[in-house]
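Structural overview
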Amino acid sequence: MMGQRFVVRVRCGAILCRLFCGMIMGGMGLYGCTPSLPKAQQVTRMALLEPVLHGIALPVNIAPLNFVIQEKGVDYRVAFRGKQGDAVVVSDADGIIRIPLKSWKNLLMKNRDDSVSVNVYVRDDSRGWLQFQTARFFVSSDSIDPYVVYRNIGSNNILWSAMSIEQQSLEDGSMTVIADNKLTRRNCMNCHSFNQNNPEQMLLHLRTPPGGTMVKQGDQLSFFNTQTQSTISAGTYPAWHPSGRFIAFSVNQIHQRFFLQTRKYEVVEDKMSDIVLLDIDTQSMLKSPVLSTDNRENLPSWSPDGKFLYYVLGNPYCESDYRENRYNLMRVAFDENTGLFGAPDTLLHAAAMGKSVSFPDVSPDGQWLLFCMADYGYFTVYNTESDIYLMNLRTRDYHRLDVNSVFVESYPTWSSNGKWLMFVSKRRDNMFSRPWFAHFREGVVSSPFVLPQKDPLFYETCLRNFNRPEFVTGKVNLMPSQVAQLASQKPLDCKVEAPIHVDGVSGASRVMP
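Worth saying up front: this structure is predicted, and the values here are computed from it rather than measured.

1. Things to note about the sheet that holds strand E12 (residues 147-153)
Backbone hydrogen bonds hold the strands of a sheet together, and the pairing may be parallel or antiparallel. Taken in spatial order, the four strands of this open sheet run E14-E13-E12-E37, and their pairing is antiparallel. The open sheet is flanked by strand E14 (175-180) and strand E37 (465-472), the only strands paired with a single partner. Between one strand and the next, the sheet's axes are offset by a mean angle of 25°, whatever the strand orientation. Taken together, the six bridges between E12 and strand E13 (residues 164-169) define a ladder with antiparallel strand orientation.

2. Notes on the nonpolar core
Of all hydrophobic cores here, the largest spans 58 residues; its most connected members are Phe67, Ile69, Phe80, Trp104, Val120 and Phe137. Beyond its immediate sequence surroundings of up to four residues, Val120 is in contact with Ala47, Leu49, Ile69, Arg77, Val78, Leu130, Gln131 and Phe132. In this structure, Val312, Tyr327, Leu329 and Leu369 belong to the second largest nonpolar core, which totals 25 residues.

3. Quick word on the packing of aromatic side chains
This model, assessed by the stated rule, comprises 24 aromatic pairs. A centroid spacing of 5.6 Å and a plane angle of 75° characterise the contact between Trp368 and Phe440, whose relative ring orientation is edge-to-face. Of the two residues, Trp368 sits in strand E29 (residues 368-374) while Phe440 sits in strand E34 (residues 434-441), which places them 72 residues apart along the sequence. Of the two residues, Trp368 and Phe440, both sit in the buried class. Pairing Trp414 with Phe440 gives two aromatic rings, centres 4.9 Å apart and planes at 90°, and the pair type is edge-to-face. One end of the pair, Trp414, is in strand E32 (residues 409-414); the other, Phe440, is in strand E34, with 26 residues separating them in the sequence. In terms of burial, Trp414 and Phe440 fall into one category: buried. Just above the ring of Tyr322 sits the side chain of Arg323; from NZ or CZ to the centre is 5.5 Å. For Arg331, the ring lying beneath its charged end belongs to Phe308, and the centroid distance is 4.5 Å.

Calculation rules
- Residues numbered from 1 in each chain as written.
- Predicted model: local features only at pLDDT ≥ 70, side-chain atom pairs only at ≥ 80, totals over all residues.
- Heavy atoms only, no water.
- Pairing = 2+ DSSP bridges.
- Helix = DSSP H or I, 4+ residues; strand = E, 2+ residues; numbered from the N terminus.
- Axes fitted to C-alpha atoms, helices over the stretch in contact; angles between N-to-C directions.
- Core = buried A, V, L, I, M, F, W, Y, C linked by side-chain atoms within 4.5 Å.
- Buried < 20%, exposed > 50% of the residue type's maximum accessible area, 1.4 Å probe, protein only.
- Contact = heavy atoms within 4.5 Å.
- Phe/Tyr/Trp six-rings, centres within 6.5 Å; stacked < 30°, edge-to-face > 60°.
- Lys NZ or Arg CZ within 6 Å of the ring centre and 35° of its normal.

Next up, the structure:
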């Protein structure tokens, strides 16, 4: 049929047919006997697809959204059509639909800022071919960052005998390993961070020996020991200042509770926590009483202009009841020329509402703030009620986003152009966290879609978590062997600068004499 491009995956029994037809067609190849779309009975509902395609928005440069048709049948065909270009038809005897990359890319590029229809055909032994109602997805001309970096960790997020930092292409689905703890004495590694999605400015923290914080600046790799006599711990949760000179770290005394007779199996909480700055140029840790109080400062995040540090603030640790440990949303002014902070400002007094804020992240244009809110704590990957919220920083109005499910949503973050959100969710099985994406425009988000995989059955068999995913604007040029070699070296000890306090009149910080 003219105007259609077919890709066929068939059982072995059909190979002879394809070879025979190919010989008859005189060099037209194995696709010479590709079937046309069948005449079919109409079904008054959409086919069950996993993952779901209907009603979502996709970036124009996304990898194929391969899927499984969850309908009983003996043969399956799917036709993708836009207003422009050829239709793409994929056939499979088992309903496992793998869309060819080139055809998919052409389809999306020619139909950007418009919808694409998905027509599913299933052949039933008793009823013949059935055609389900048309599904549709929207193709946005807003591109998405080409890579996402995440930690690959086991099902319970507790044991670290096998973990790695990996990057996956959002444009073709390929995956490569950046760091693997098999090469670093199977130690815990995490808290990878990038300066405004830049793959050339990366941080990676290795916990337990060989411990230290790796800082990548272009081709230069540095290895720091951020543990000092004046800080609670080594740097834990990081945030790059846009200037590239400073990295804000929380320093935490982390405590875990495990449960045997309830549906909750773990709570992660801090007995103490502060926020400090690493000055990369001077290899020194800067402390301020503004961010080192008797309360618990945690989870730093910079505004894109570097003038404000956002963070969460909890009351002193409540040991008797973990459900009383709650955090408010805070902001404090920062002067990068002096490295000094102003007076803290409470943006959301969540604790007064019986809620707790975590993981604030500001949009690239500085107008919007994503954050999680749960009933307690900040380590929301274990909080089923954790949801993602959006605040307008101009008005301070906020609301719960429609992307949430009845299970865990956590760690929201922005693409570099501010057009796409990414978050982790356990909505598939309430066990494993997967990255999900949604289009963002003027405070409105689309229905989310899961990280595309080459194998449509990938999530059925993957018993690992995608932890703390981050957008990056290009491939990270770093190999596991480089990380292992750096980890074998003694890290550079950081020194501590003079203590700082806040001027009660001006609200600015100044160095004590």
